[in-house]
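Structural characterization, general
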Amino acid sequence: MTLSQLSVPLTKDQAYALVDAVMERDDIAITASAHEDADTGEWVFEATCMEEPDVDAFNEVARATLGGDVGFTVETIDPEVNWVAKSLEGLKPVRAGGFYVHGSHGDSKPPAGMTAIRIDAAQAFGTGHHETTTGCLEAIDRALKQRRFGAMLDVGTGTGVLAIALAMRTRQPVMATDIDPIAVETTVENARDNGVGRYVIGLEATGLSHPQITAGGPYDLIVANILALPLVALAPAMRRAAAPGAMIILSGILNTQSSRVISAYARAGMVLRRKLIKKEWSTLVLERR
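The sections below set out a description of the structure shown in this document. (Residues numbered from 1 in each chain as written. Predicted model: local features only at pLDDT ≥ 70, side-chain atom pairs only at ≥ 80, totals over all residues. Heavy atoms only, no water.)

**Structural notes on the overall build of the protein chain**
Each helix and strand in the protein chain was counted, giving 9 helices and 14 strands. When the accessible surface of the protein chain is split by element, carbon and sulfur atoms take 49% of a total near 13800 Å². (Helix = DSSP H or I, 4+ residues; strand = E, 2+ residues; numbered from the N terminus. Areas by Shrake-Rupley, 256 points an atom, 1.4 Å probe, with all protein chains shown as cover.)

Here it is as structure tokens:
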């Protein structure tokens, strides 16, 4: 499989508007994101595509969204390079909600009183450094201080950092699902490395309809750090999977997308209890009525 990355420097507002417009479609990109270039201060729109991107389609979206064509740059992503491992080089440990997420490449000792989670380089998303993950960890920390939970579910587990955080704090089983078999394998390995292999149940699944997910429910706590559009689509299934009074923690949501997600979950019977904002990203804490 050959992946390509399409990018263009824009203003911050333009970049996020283009992200929203591209992610409204399901036929031109796998993912789209906006970020600030630390070296230049410019905001950059990026999209990852299967094979060669359809530049004409991207320009069509850009004209409709921004009022004109933009100069997209296309690069092929080298499949032989483990980009996650490469990006981890030099990353510092993260502190979030009483959790200390680090890799074995670091030499610092976890502070006393913090729950240390080791997440090493892997071909899966989620090293603990992104605002969506730290937002979820803070929400998890607060939730576990408020009440005890029975069945727990992590949707779109990535490297398993959230499922591992739950298992380490509660010593209770956590179902950790992902559509990517590499992510599931990585999660199981990371759980074992962190001493909670017996508690984290890795499962390859799309959505919430897998029989094993149904059999493990209803869930008292559900966390899902994916993307806004899949979260909106999952709202009815999320309600069915959640026990009455369950807490649902959602992230992977741009601030500009949070209202749409909140509305979708309100229609499905889940009310917003708390919203955490970290830079351009929102983490939502909801309760199933």
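**Observations concerning the nonpolar core**
Ranked by size, the top nonpolar core spans 33 residues in total, and within it Ile117, Val196 and Ile249 carry the most contacts. Here this core takes 8 residues from helix 5 (residues 161–170), the largest share from any one element. Non-local contacts of Ile117, meaning those with residues more than four positions away in its chain, are made with Phe99, Tyr100, Val101, His102, Val161, Ile164, Ala165, Met168 and Asn194. Membership of the second largest hydrophobic core comes to 30 residues, among which are Leu203, Ala205, Ile213 and Val232. (Core = buried A, V, L, I, M, F, W, Y, C linked by side-chain atoms within 4.5 Å. Buried < 20%, exposed > 50% of the residue type's maximum accessible area, 1.4 Å probe, protein only. Contact = heavy atoms within 4.5 Å.)

**Overview of the packing of helix 8 (residues 228–241) against helix 9 (residues 258–267)**
For any two helices packed against each other, one specifies the crossing angle of their axes together with the interaxial distance. In contact at an axis separation of 9 Å, helix 8 and helix 9 are set at 10° when each is read in the N-to-C sense. It follows from the interaxial angle that helix 8 and helix 9 lie roughly parallel. Note on element contacts: helix 9 touches helix 8 through Arg260, Val261, Ala264 and Tyr265, opposite Ala228, Leu229, Leu231, Val232, Leu234, Ala235 and Met238. Its residues assigned to classes, the contact of helix 8 with helix 9 comprises 10 nonpolar, no polar and 1 charged. (Axes fitted to C-alpha atoms, helices over the stretch in contact; angles between N-to-C directions. Parallel < 35°, antiparallel > 145°, perpendicular 65-115°, else oblique. Nonpolar A, V, L, I, M, F, W, Y, C, P; charged D, E, K, R; others polar.)

**Looking at the pairing of strand 13 (residues 270–278)**
Where strand 13 and strand 14 (residues 281–288) come together, 8 bridges link them in antiparallel fashion. Directly across from Leu272, in strand 14, lies its bridge partner Leu286. Between strand 13 and strand 14, which follow one another and run antiparallel, lie 2 residues, and Lys279 among them has a positive phi close to 55°. (Pairing = 2+ DSSP bridges.)

**Digging into the environment of Gly98**
Note that Gly98 resides in the loop between strand 5 (94–96) and strand 6 (99–102). Separated by 15 residues in sequence, Gly98 and Gly113 place their C-alpha atoms 7.7 Å apart. Beyond its immediate chain neighbours, meaning those up to four positions away, Gly98 contacts Met114, Thr115, Asp141 and Arg169.

**Quick notes on the sheet that holds strand 1 (residues 3–10)**
Taken together, 4 strands build an open sheet; the order of strands is 2-3-1-4 and the sheet is antiparallel. Two strands close off the open sheet at either side, each with one partner strand: strand 2 (31–36) and strand 4 (73–77). Going across the sheet, the axis of each strand differs from the next one's by a mean of 25°, ignoring polarity. Alignment of strand 1 against strand 3 (residues 43–50), held across 8 bridges, turns out to be antiparallel. If you follow Leu6 over to strand 3, its bridge partner there is Ala47.

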